[in-house]
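# Architecture and fold: a report
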Amino acid sequence: MMEIVVYEGEYDRSEFYSKIGKYFAEKKYQNELPYLHNEDEKVWFVAVEDEKIAGFASLVIENTKIVLATSYVEPEFRKKGIYKKLIDANMKYCKGIEKPFVCTTNNEIVKKHLEKLGFEIYRQTKNYWFLRKEVEHEKRD
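Just so it is clear, the model here is predicted, and its values are computed rather than measured. (Residues numbered from 1 in each chain as written. Predicted model: local features only at pLDDT ≥ 70, side-chain atom pairs only at ≥ 80, totals over all residues. Heavy atoms only, no water.)

## Brief notes about the pairing of strand β4 (residues 66-73)
Within β4, 6 of the 8 residues are buried, which leaves the element mostly enclosed by the surrounding structure. Two elements, strand β3 (residues 52-61) and β4, share 6 bridges in a ladder whose sense is antiparallel. Across the sheet, F56 pairs through a bridge with Y72, a residue of β4. Taking the residues between adjacent antiparallel strands as the criterion, β3 and β4 are bridged by 4 residues. Relative to strand β5 (residues 101-105), β4 runs parallel, the two being bridged by 3 bridges. By the bridge assignment for β5, I66 is matched with F101. Taken together, β4, helix α3 (residues 82-93) and β5 form a β-α-β motif whose crossover is right-handed. (Buried < 20%, exposed > 50% of the residue type's maximum accessible area, 1.4 Å probe, protein only. Helix = DSSP H or I, 4+ residues; strand = E, 2+ residues; numbered from the N terminus. Pairing = 2+ DSSP bridges. Right-handed = clockwise from strand over helix to strand, strands pointing away.)

## Points about the packing of aromatic side chains
Scanning all chains against the criterion turns up 17 aromatic pairs. Ring pairing ties together the aromatic residues Y7, Y11, F16, Y17, Y23, F24, Y29, W44, F56 and Y72, which thus form one cluster. For K111, the ring lying beneath its charged end belongs to W129, and the centroid distance is 5.1 Å. (Phe/Tyr/Trp six-rings, centres within 6.5 Å; stacked < 30°, edge-to-face > 60°. Lys NZ or Arg CZ within 6 Å of the ring centre and 35° of its normal.)

## Remarks on the state of the cysteines
Using the criterion set out here, one finds 0 disulfides in the structure. No disulfide involves C94; its sulfur sits 13 Å from the nearest other cysteine sulfur, which is in C103. Under the relative-accessibility criterion, C103 is labelled buried at 8%. (Disulfide = S-S within 2.5 Å.)

## Describing the pattern of salt bridges
Applying the stated criterion to the full structure yields 10 salt bridges. For the salt bridge of D40 with R13, the shortest nitrogen-to-oxygen distance reads 2.9 Å. Residue D40 is found in the loop between α2 (27-32) and β2 (42-49), and its partner R13 is found in helix α1 (residues 13-25); the two are separated by 27 residues along the sequence. Here D40 falls in the exposed class, since its relative accessible area comes to 60%. (Salt bridge = Lys/Arg side-chain N within 4 Å of Asp/Glu carboxyl O.)

Here it is as structure tokens:
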């Protein structure tokens with residue numbers, strides 16, 4: 001059974017890095033994830049299935065936006081809905097925060113999934129899509 005573990009605020013860094021440290025340290029991941037880094041304000045979502053890391057995602061809540069920062073799913077877990085569960089966890093975590101979401105990706109599958117969630121491309125370069133989803137304001141009675 002898959003669970004998503006959230007690391008935020010003053011979490012145990014040694015536990016966090018014992019789970020996903022290889023993604024920061026190993027060359028094969030550094031090549032695939034050149035922008036992977038940790039910051040105090042990042043919130044991490046780690047998908048764990050049968051004590052194995054299936055993938056992870058992170059976000060940063062900034063003054064004017066929520067940045068979906070980094071996401072990765074291990075090849076053996078791809079096409080099994082892990083990315084969708086991670087993004088759903090991101091969106092649920094931010095429910096009620098009235099800031100737009102932004103994301104940058106070079107992955108066609110990620111782009112298509114985000115578009116299904118209501119993200120729109122607002123800029124494109126040769127290698128990247130820049131997507132944004134406006135906040136759906138909750139109606140008050």
